[in-house]
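# A structural walkthrough
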Amino acid sequence: VDIEDFREITPRKSYKLFCDEENGFVNALEEQRSARFLFCWTRKEAFIKLGDALLGKAGDFNSLNPPDSAALITARLGGAVISVCGKDISGAELRL
């Protein structure tokens, strides 16, 4: 699980821990940059905490296209973005 308070993100052409696809997604719509950044970031952090990503660099894990071994749910709840990652989270719900 990873939870981040929603905040404005400093615009950059490239975020070093993101792969090319993630950087393209984050920067595609300026008005959604912060939400998209935190979407990718919390997914990446939740996956790392699961332990599978320890074999590689954070930039090697594509939060938009996770491996079949990881199930991810991401939502914006109140003033936070939360991602949950597990081996099997079928039927899981995020509720306030």
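Relevant structure appears above.
Anyway, here's the lowdown on the structure attached to this text. Remember, predicted model here, so these are calculated numbers, not experimental data. (Residues numbered from 1 in each chain as written. Predicted model: local features only at pLDDT ≥ 70, side-chain atom pairs only at ≥ 80, totals over all residues. Heavy atoms only, no water.)

The subject of this paragraph is the overall build of the chain. A tally of regular secondary structure across the chain gives two helices and three strands. Secondary structure elements of the chain, listed N to C terminal, follow the sequence β-α-α-β-β. Out of the 96 residues in the chain, the part that is buried amounts to 38%. In the structure as shown, the chain presents an accessible area of about 5,900 Å², 51% of it carried by carbon and sulfur atoms. (Helix = DSSP H or I, 4+ residues; strand = E, 2+ residues; numbered from the N terminus. Buried < 20%, exposed > 50% of the residue type's maximum accessible area, 1.4 Å probe, protein only. Areas by Shrake-Rupley, 256 points an atom, 1.4 Å probe, with all protein chains shown as cover.)

The final tally for this structure, using the stated rule, is three salt bridges. The shortest N-O distance in the salt bridge between Lys49 and Asp2 comes to 2.9 Å. Taken as a pair, Lys49 in helix 2 (residues 33-50) and Asp2 in strand 1 (residues 2-5) lie far apart in primary sequence, 47 residues in all. A salt bridge links Arg7 to Glu4, with the shortest nitrogen-to-oxygen separation between them at 3.4 Å. The class for Arg7 is partly exposed, based on a relative accessible area of 37%. By relative accessible area, which is 17% here, Glu4 ends up buried. (Salt bridge = Lys/Arg side-chain N within 4 Å of Asp/Glu carboxyl O.)

What follows covers helix 2. For helix 2, built from 18 residues, the straight-helix expectation of 26 Å at 1.5 Å per residue is met to within 8% by its first-to-last C-alpha distance of 26 Å. Against the buried residues of helix 2 lie strand 1, helix 1 (20-27), strand 2 (71-77) and strand 3 (80-86). One or two positions beyond helix 2, positive phi appears at Gly51, with a value near 110 degrees. (Expected span 1.5 Å × (residues − 1). Contact = heavy atoms within 4.5 Å.)

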